[in-house]
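Each chain is listed here by its residues.
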Amino acid sequence: MNKLSNETKTSMGQRIVTAIILIAICLPCLLIGHWFFAILVFVASFFACHEFINAPKNKAYNLFLHVFVHLLTYSFIFWILVKNNLNQSQWNLNLWSFSNGFETLNASVIGIAFAFVVLFSMTLNHEKFNVSDATYLCTMMVFIGLAIQSILFLRYHPGFSYPKESFFDLRNSLLLIYVILGTCLCDAGAYFAGVLFGKHKMNERISPKKTWEGFVGGVIVSALLSFTFAYVMAKINYPLLPILDINHVYNIVIISLIIPLTSNIGDFIFSSIKRNYGIKDFGTVLKGHGGVLDRLDSILVTSLIVAIVIIFMEHGWSFLA
């Protein structure tokens, strides 16, 4: 077992305190749902956009680019919510439905095309804004937009659409809790297993501190505990979705294995971006965790992949549905 340094102990303590504060803020919003969770998602989206725009430290993107990237990314995230409610002439925000439209993922094709044309057109007239900048911003806008939309999908997906029993909407929150729980357990399991037993590096070029021992520890902890959570919920007649009830245990196994694997992939993807731009963290807003993207990296990738898998499962794995 590895001996913990004072620096590691301090870092571990900061991470735990920050995690507790985040849970205290985010969990009630998740459970209440409606505008509470939508506003929380919007705030997180703002910081995420700010962080990925400012990741290239050798660049100074102008105000137009900052505003443009923020607005287009928000449009990708909230496109379904706004479109479905305005199509039903719901101009009263108190009457907005948060479930209609979240049976699938959807992005504005016009918005994506507009982002592509504007960003790449800017490379023609701005010497310091090149194709690499346009590609990075365009890719991040679409990915962040769809990934955060997938978080809304997991929270507001109709599923069984249980009647709200109290101020807190626990039963309709279980699917997103399941995914976040599995992702965080993977992160925590990998962190502690890596600190205590890590010796064999996975990919020092991208993430010097990650070890195979940490990877295995994270996958085992996440897969077992997230499966247990979903299985127990199904067993007590609180299944997360019709396709995740006691008669579809194999689907629970599949998703419980996908969660830790995609969680690690997400971590490496965002570590690769940080390594490319020579930064340690995307931000500093979360003490001990870095920025919002440093905390959400795995959750974003995992939520997007799990949402896609759920859509396929609900349509009998048909790619034509």
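The structure reproduced in this document is the subject of the present report. None of these values were measured; they are calculated from a predicted model.

### Let's talk about the packing of aromatic side chains
Within the structure shown, the criterion is met by 18 aromatic pairs. Considering the side-chain rings of F52 and Y136, the 6.5 Å spacing of their centres and the 80° angle between planes classify their relative orientation as edge-to-face. Taken as a pair, F52 in helix 2 (residues 34-53) and Y136 in helix 5 (residues 131-156) lie far apart in primary sequence, 84 residues in all. Judged by its relative accessible area of 0%, F52 is buried.

### A closer look at the pattern of salt bridges
Oppositely charged side chains are able to pair whenever their charged atoms sit close together. Enumeration over the complete set of coordinates arrives at 6 salt bridges. With a shortest N-O distance of 3.6 Å, D169 and R155 are connected by a salt bridge. On the criterion of sequence distance, the pair formed by D169 in the loop between helix 5 and helix 6 (174-197) and R155 in helix 5 is long-range, its members being 14 residues apart. Look at D169 and you get buried, because its relative accessible area is 12%. For R155, a relative accessible area of 3% translates into the label buried. One salt bridge connects D294 with K274, and the closest N-O pair in it is separated by 2.8 Å. Of the two residues, D294 sits in helix 9 (residues 292-314) while K274 sits in helix 8 (residues 249-277), which places them 20 residues apart along the sequence.

### Let's talk about the environment of L30
Relative to the elements of secondary structure, L30 occurs in helix 1 (residues 6-32). In this structure L30 touches F37, R155, S173, L176, I177 and I180, once residues within four positions along its chain are discounted.

### Regarding the packing of helix 3 (residues 63-87) against helix 4 (residues 109-125)
Packing of helix 3 against helix 4 brings their axes to within 10 Å, and their N-to-C directions diverge by 165°. On the basis of their axis angle, the class for helix 3 and helix 4 is roughly antiparallel. Judged by the sense of rotation from one axis to the other, the crossing of helix 3 with helix 4 is left-handed. Contacts between helix 3 and helix 4 pair F64, L65, F68, L72 and F76 from the former with G111, I112, F114, A115, V118, L119 and M122 from the latter. For the contact of helix 3 with helix 4, the per-class residue count stands at 11 nonpolar, 1 polar and no charged.

### A look at the packing of helix 6 against helix 9
Helix-helix packing is described using two parameters, namely the angle between the two axes and the distance between the axes. Between helix 6 and helix 9, the shortest axis-to-axis distance is 10 Å and the interhelical angle comes to 135°. As the angle between them shows, helix 6 and helix 9 are arranged oblique. Taken as a pair, helix 6 and helix 9 cross one another with a handedness that is right-handed. Contacts between helix 6 and helix 9 involve L175, V179, I180, T183, C184 and D187 on the former and, on the latter, R295, S298, I299, T302, S303, V306 and I310. Looking at the contact of helix 6 with helix 9 residue by residue, the class counts come to 7 nonpolar, 4 polar and 2 charged.

### Some points on the layout of surface pockets
If a probe the size of a water molecule is rolled over the atoms, the empty space left behind becomes visible. Approximately 1,200 Å³ is the volume attributed to the second largest pocket. For the second largest pocket, the lining is made up of 37 residues, of which L22, I23, C26, C184 and R295 are closest to its centre. Of all elements in the fold, only helix 1, helix 2, helix 5, helix 6 and helix 9 reach the threshold of two or more residues within the lining of the second largest pocket. Here the lining of the second largest pocket gets 13 residues from one element, more than from any other, and that element is helix 1. A per-class count over the lining of the second largest pocket returns 32 nonpolar, 2 polar and 3 charged.

### Details of the side chain of N264
Turning to its location among the elements, N264 is positioned in helix 8. Exposure remark for N264: the relative accessible area of 10% places this residue in the buried category. Only 2.8 Å separates the side chain of N264 from the backbone oxygen of P260, close enough to count as a polar contact. Excluding residues within four positions of it along the chain, N264 makes contact with C186, F215 and V219.

### Some details on a nonpolar patch on the surface
Taken together, the side chains of V216, I220, V221, L224 and L225 make up a nonpolar region of the molecular surface, amounting to roughly 410 Å² of accessible area. Its location among the elements puts V216 in helix 7 (residues 212-235). On the basis of relative accessible area, V216 is assigned to the partly exposed category, the value being 41%.

About the thresholds
- Counting from 1, residues in each chain are numbered in the order their sequence is written.
- It should be noted that, the model being predicted, local features are given only for residues of pLDDT at least 70 and side-chain atom pairs only at 80 or more, the latter also being counted only at that level, while totals for whole chains, interfaces and linings use all residues.
- Values shown for side chains rest on all heavy atoms present in the structure; no hydrogens or waters enter the calculation.
- Two aromatic rings, drawn from Phe, Tyr or Trp (for Trp, its six-membered ring), form a pair once their centres lie within 6.5 Å of each other, and the interplanar angle then sorts them: stacked below 30 degrees, edge-to-face above 60, tilted otherwise.
- Each helix corresponds to a stretch of at least 4 residues labelled H or I by DSSP, and each strand to a stretch of at least 2 residues labelled E; elements are numbered beginning at the N terminus.
- Using a 1.4 Å probe on the protein chains alone, a residue whose accessible area is under 20% of its type maximum counts as buried, one over 50% counts as exposed, and one in between counts as partly exposed.
- For this analysis, a salt bridge means a side-chain nitrogen from Lys or Arg found within 4 Å of a carboxyl oxygen belonging to Asp or Glu.
- Whether two residues are in contact is decided by their heavy atoms: any pair within 4.5 Å suffices.
- Only C-alpha atoms enter the line fits that serve as axes; for helices the fit covers just the stretch in contact. Angles between N-to-C directions range over 0 to 180 degrees.
- For classification purposes, angles smaller than 35 degrees are called roughly parallel, those larger than 145 roughly antiparallel, those between 65 and 115 roughly perpendicular, and all remaining angles oblique.
- Left-handed describes a crossing whose near helix is turned anticlockwise from the far helix through less than a right angle; right-handed describes the clockwise counterpart.
- Ten residues, namely Ala, Val, Leu, Ile, Met, Phe, Trp, Tyr, Cys and Pro, are considered nonpolar, four, namely Asp, Glu, Lys and Arg, are considered charged, and the remaining ones, Gly among them, are considered polar.
- Grid points spaced at 1 Å and placed over the protein atoms alone form the basis of the search, with a cavity being a set where a 1.4 Å probe fits but cannot get out and a pocket an open set showing protein on both sides within 12 Å along at least five of seven lines. Lining residues have an atom within 4 Å of a point.
- Grid points are joined across faces, edges and corners, and a volume is the space filled by probe spheres set on the points.
- As used in this structure description, the phrase polar contact means that two N or O atoms lie within 3.5 Å; if the pair is within protein, one of them must be able to donate a hydrogen and the other to accept it, and residues adjacent in sequence are counted only when both atoms belong to side chains.
- Patch definition: residues with relative accessible area over 30% and no salt bridge; like charges joined within 9 Å; nonpolar side chains (Val, Leu, Ile, Met, Phe, Trp, Tyr) joined within 5 Å.
- Each accessible area is a Shrake-Rupley estimate made with a 1.4 Å probe; only the visible protein chains count as cover when residues are assessed.

Geometric descriptors of this kind do not, in isolation, establish any biological role.
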